[in-house]
Amino acid sequence: MALMSDSEKAAAAADVRELIESSGQDATLLRAALGERLYGSDDEAFVEVRTFKLEFVPTPQEDIADNVDATASVLPDLDVRCEDRIKVGGDSFRVQTIVDESLFGVVTHKTLKLVRLYAS
């Protein structure tokens, strides 16, 4: 016997979608431009892919573990990749880790672990 019916799973995913979309927070997704890249260089050009809704949570300095500066919850259909860049307000972050979050077999959202990028 399944713990949740298909309609309950769909409702749970819809509820999480509504929460993220109503968060009032937006970000810009940036991805490395195709082309020649110098080995070991972090100076490659990034281009804007799209804007999207998220729930952004900065990690307090005293609680930072695993060198993660913030987390973000995003919709499961967002095409985001490790090493992409996220711009939230005036701050830029590198996507360190992406975790699909599920509830009894349905992916409700993704959690991104972010590392702050400082201008040099």
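The preceding data block contains the structure.
Predicted model only: the values in this text are computed from it and were never measured.

Draft legend 1. Structural detail: the nonpolar core. Formed by 16 residues in total, the largest nonpolar core has its most connected members in F52, L54, F56, I86, L112 and L114. Going through the elements one at a time, β1 (26-32), β4 (70-74), β5 (85-88), β6 (91-103) and β7 (106-117) are the ones with two or more residues in this core. No other element matches β4, which puts three residues into this core.

Draft legend 2. Focus on the pattern of salt bridges. Under the counting rule described, the total for this entry stands at eight salt bridges. Among the salt bridges present, the one from D84 reaches R31, with a minimum N-O distance of 2.8 Å. Of this pair, D84 sits in the loop between β4 and β5 while R31 sits in strand β1, and the two are 53 residues apart along the sequence. Both residues of the pair, D84 and R31, count as buried. A salt bridge links R81 to D79; the nearest nitrogen and oxygen atoms lie 3.2 Å apart. Residues joined by salt bridges that share partners form a network here, namely R31, D79, R81 and D84.

Draft legend 3. Focus on the side chain of K110. Tracing the backbone shows K110 in strand β7. Within the structure, K110 has its side chain in polar contact with the backbone oxygen of P76 (distance 3.4 Å). Of note is the side chain of K110, whose polar atom sits 2.7 Å from the backbone oxygen of L78. When near neighbours in sequence (up to four residues on either side) are disregarded, K110 contacts A72, S73, V74, L75, P76, L78, V80, I98, V99 and D100.

Analysis parameters
Residues numbered from 1 in each chain as written. Predicted model: local features only at pLDDT ≥ 70, side-chain atom pairs only at ≥ 80, totals over all residues. Heavy atoms only, no water. Core = buried A, V, L, I, M, F, W, Y, C linked by side-chain atoms within 4.5 Å. Buried < 20%, exposed > 50% of the residue type's maximum accessible area, 1.4 Å probe, protein only. Helix = DSSP H or I, 4+ residues; strand = E, 2+ residues; numbered from the N terminus. Salt bridge = Lys/Arg side-chain N within 4 Å of Asp/Glu carboxyl O. Polar contact = N/O pair within 3.5 Å; in protein donor to acceptor, adjacent residues only side chain to side chain. Contact = heavy atoms within 4.5 Å.

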